[in-house]
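# Analysis of the macromolecular model
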Amino acid sequence: MKVLITGGAGFIGSHFVKRMLDAEDIEHVTVLDALTYAGHRANLGRAFLSPRLTFVHGSICDAGLMHEVMRGHQAVVHFAAESHVDRSLTTAATFVETNVCGTQNLVDAAVRHGVERFVHVSTDEVYGPLLDGVAATEDFPLRPTVPYAASKAAGDLVARSAWHTYGLPVMVTRSSNNYGPCQHPEKIIPLFVTRLLRGEKVTLHGQGQHVRNWLHVEDNCAGVELVLRRGNPGEVYNLGGSTALTTKELTSLLLNICDADWDAVTYIEDRPSNDLRYAMDWSKAHKQLGYQPVRDFGDGLKETASWYRDNPDRWAPLTTSAVPAVPSLQIVPLNTSQEPQHV
Ligand code: NAD
């Protein structure tokens, strides 16, 4: 099987590329990545030594390139995306361009070249916030509340429509929050670890009560591989974990690991549409595919913090690309004297 992996120089994609190269039955891996601020060749590291890897620097927004690159591949695993919620609050159009239009280009090329397996990587955020005690199954309505999640929900539907319309064998994975080495330091775990390691303060939104479910990146990649190999076309698979924590609880663990205390924490106003709780029921992937996350969260978090402690050269240069502040909504009063007169 020749596999095209989009976004393979990003956090999750780069772990998945290495996993595919470790599998002997994978004949060739092509990575297609635009190398945005979030993509780095260094994430692929030893993968570049493999004669079974081809790297293409390009964008999924380039429809012509997608047709060229797709030729000869039996499978596609589509990770490429604008992925940071906070950035989507100020540059939503870029998210729609990549996550929706880019996905459409990729799907079109896959249909044209008769791709046999197409895995679209989506997220638990497409379900929107859930009440305590509720866990979304795959048939829950999609109720995204932020531009990032809305663009991912649209991409998710675009990909699945190609199954219904053209019979492209599309499988969708929706995973919860990933953590592990090589994640961009703008995301909460590496952000807090890198700041605490430098003796800087960290900020918690609101009262730190937002609940997120944490999944080690290798557990997610194992799930994506199961879906690639054994998933049923047209199906969606939730890939969740068993570690649900409020951001305050997560902060407490990180303070402990980084030898810091609560003096390092300041509380700031919550950001718009900060969903209070995500939760998924992932029993379908467990029962049908044997999906089962195995990483202990405490151990995984310590290993992750150690990776950042040991590899400052990998993240320090990235901490300068600050996320733009969210502009506050300005309500401009109508100047009624300039309103057109109705005849
Ligand atoms: P990431 O931001 O680390 O990586 C995204 C990669 O996509 C980067 O290498 C970037 O250069 C590339 N890219 C962006 N725009 C591109 C374009 N137009 N053409 C080609 N490449 C482009 O993201 P990640 O955390 O690794 O997430 C990967 C996927 O998993 C995304 O689709 C994301 O929505 C999804 N996901 C992530 C999480 C998480 O917790 N990180 C959870 C659920 C789902």
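Residues numbered from 1 in each chain as written. Predicted model: local features only at pLDDT ≥ 70, side-chain atom pairs only at ≥ 80, totals over all residues. Heavy atoms only, no water.

## A closer look at the environment of Leu245
Secondary-structure assignment places Leu245 in strand β11 (residues 243-246). The spatial distance from the C-alpha of Leu245 to the C-alpha of Val211 is 5.3 Å, given a sequence separation of 34 residues. Residues in contact with Leu245, not counting those within four places in the same chain, are His210, Val211, Arg212, Trp214, Leu250, Leu253 and Phe297. (Helix = DSSP H or I, 4+ residues; strand = E, 2+ residues; numbered from the N terminus. Contact = heavy atoms within 4.5 Å.)

## So, the pairing of strand β1 (residues 2-6)
The buried fraction of β1 is high, at 4 of 5 residues. Strand direction decides the pairing type here: β1 and strand β2 (residues 28-33), joined by 5 bridges, are parallel. If you follow Thr6 over to β2, its bridge partner there is Leu32. Since β1 and β2 lie parallel, the crossover through helix α1 (residues 11-22) that links them has a hand, and here it is right-handed. Alignment of β1 against strand β4 (residues 75-78), held across 4 bridges, turns out to be parallel. (Buried < 20%, exposed > 50% of the residue type's maximum accessible area, 1.4 Å probe, protein only. Pairing = 2+ DSSP bridges. Right-handed = clockwise from strand over helix to strand, strands pointing away.)

## A look at helix α10 (residues 297-310)
Its 14 residues place the ends of α10 20 Å apart at the C-alpha level, agreeing with the 20 Å of an ideal helix rising 1.5 Å per residue. Within the span of α10, buried status applies to Phe297, Gly300, Leu301, Thr304, Ala305, Trp307 and Tyr308. Taken end-on, α10 shows its buried residues confined to a sector of 155°, consistent with a single buried face. Looking at the buried residues of α10, the elements they touch are β7 (177-179), α6 (188-197), β9 (211-216), β11, α8 (247-257) and α11 (312-315). (Expected span 1.5 Å × (residues − 1). Arc of directions from axis to C-beta.)

## A few points about the packing of aromatic side chains
The way to describe two aromatic rings as a pair is by their centre distance and the angle between their planes. For the structure on display, the rule yields 6 aromatic pairs. Residues Phe16 and Phe79 carry aromatic rings whose centres are separated by 5.4 Å and whose planes lie at 55° to one another, so their mutual orientation is tilted. Pair noted here: Phe16 is in helix α1 and Phe79 is in the loop between β4 and α3 (85-88), with a separation of 63 residues, a long-range link. Relative accessible area serves as the criterion here: at 11%, Phe79 is assigned to the buried category. (Phe/Tyr/Trp six-rings, centres within 6.5 Å; stacked < 30°, edge-to-face > 60°.)

## Some points on the pattern of salt bridges
On inspection of all chains with the given rule, the structure shows 13 salt bridges. For Asp22, the salt bridge identified is with Arg46, shortest N-O distance 3.7 Å. Pair noted here: Asp22 is in helix α1 and Arg46 is in the loop between β2 and β3 (53-57), with a separation of 24 residues, a long-range link. The two residues Asp22 and Arg46 agree in class, both being exposed. Here Asp156 makes a salt bridge to Arg174, at a shortest N to O gap of 2.8 Å. Taken together, the residues Asp156 in helix α5 (residues 147-166) and Arg174 in strand β6 (residues 170-175) connect sequence positions 18 residues apart. Linked by salt bridges that have partners in common, Arg19, Asp25, Glu218, Glu225 and Arg229 make up one network. (Salt bridge = Lys/Arg side-chain N within 4 Å of Asp/Glu carboxyl O.)

## So, the nonpolar core
Soluble globular proteins tend to pack their nonpolar side chains together in the buried interior. Core analysis: the biggest nonpolar cluster contains 36 residues, and Ile5, Phe16, Val17, Met20, Val29, Val77 and Phe79 have the highest contact counts within it. When near neighbours in sequence (up to four residues on either side) are disregarded, Ile5 contacts Phe16, Val17, Met20, Val29, Thr30, Val31, Leu32, Val77 and Phe79. By size, the runner-up hydrophobic cluster in this structure holds 23 residues, among which are Ile189, Val193, Val265 and Ala305. (Core = buried A, V, L, I, M, F, W, Y, C linked by side-chain atoms within 4.5 Å.)

## Notes on the side chain of Glu138
As for its placement among the helices and strands, Glu138 is situated in the loop between β5 (117-123) and α5. It is Lys284 that comes nearest to the buried, bridge-free Glu138 among opposite-charge side chains, at 5.1 Å. Within polar-contact distance, the side chain of Glu138 engages the backbone nitrogen of Asn238 at 2.8 Å. Apart from residues no more than four positions distant in its own chain, Glu138 is found in contact with Tyr127, Arg174, Val236, Tyr237, Asn238, Asp281 and Lys284. (Lys, Arg positive; Asp, Glu negative; His and termini not counted. Polar contact = N/O pair within 3.5 Å; in protein donor to acceptor, adjacent residues only side chain to side chain.)

## Quick word on the environment of Ala285
Here Ala285 shows up in helix α9 (residues 283-289). Judged by its relative accessible area of 0%, Ala285 is buried. On a C-alpha basis, the gap between Ala285 and Gly223 in space is 8.0 Å, while along the polypeptide they are 62 residues apart.

## Considering the site of the ligand
In the vicinity of the ligand lie 29 residues, with Asp33, Ser83, Tyr148, Lys152 and Asn178 positioned nearest. Here an oxygen atom of the ligand sits 2.6 Å away from a polar atom, N or O, in the side chain of Asp33. Ser59 is positioned such that a nitrogen or oxygen atom in its side chain is 3.1 Å from a nitrogen atom of the ligand. Out of a free accessible area of 830 Å², the ligand has 96% covered by protein chains. Of all the secondary structure elements, the ones that give two or more residues to the shell around the ligand are α1, β5, α5 and β7. (Near = heavy atom within 4 Å. Areas by Shrake-Rupley, 256 points an atom, 1.4 Å probe, with all protein chains shown as cover.)

## Description of the sheet that holds β6
What the 7 strands build is an open sheet, ordered β3-β2-β1-β4-β5-β6-β10; its pairing is parallel. Strands with a single pairing partner mark the edges of an open sheet, and in this sheet they are β3 and β10 (236-239). Across the sheet, the mean angle from the axis of one strand to that of its neighbour is 20°, orientation sign disregarded. Against the sheet, helix α4 (residues 92-112) touches β1, β4 and β5, its axis set at about 165° to β5. Here α5 sits on the sheet in contact with β5, β6 and β10, set at roughly 160° to β5. (Axes fitted to C-alpha atoms, helices over the stretch in contact; angles between N-to-C directions.)

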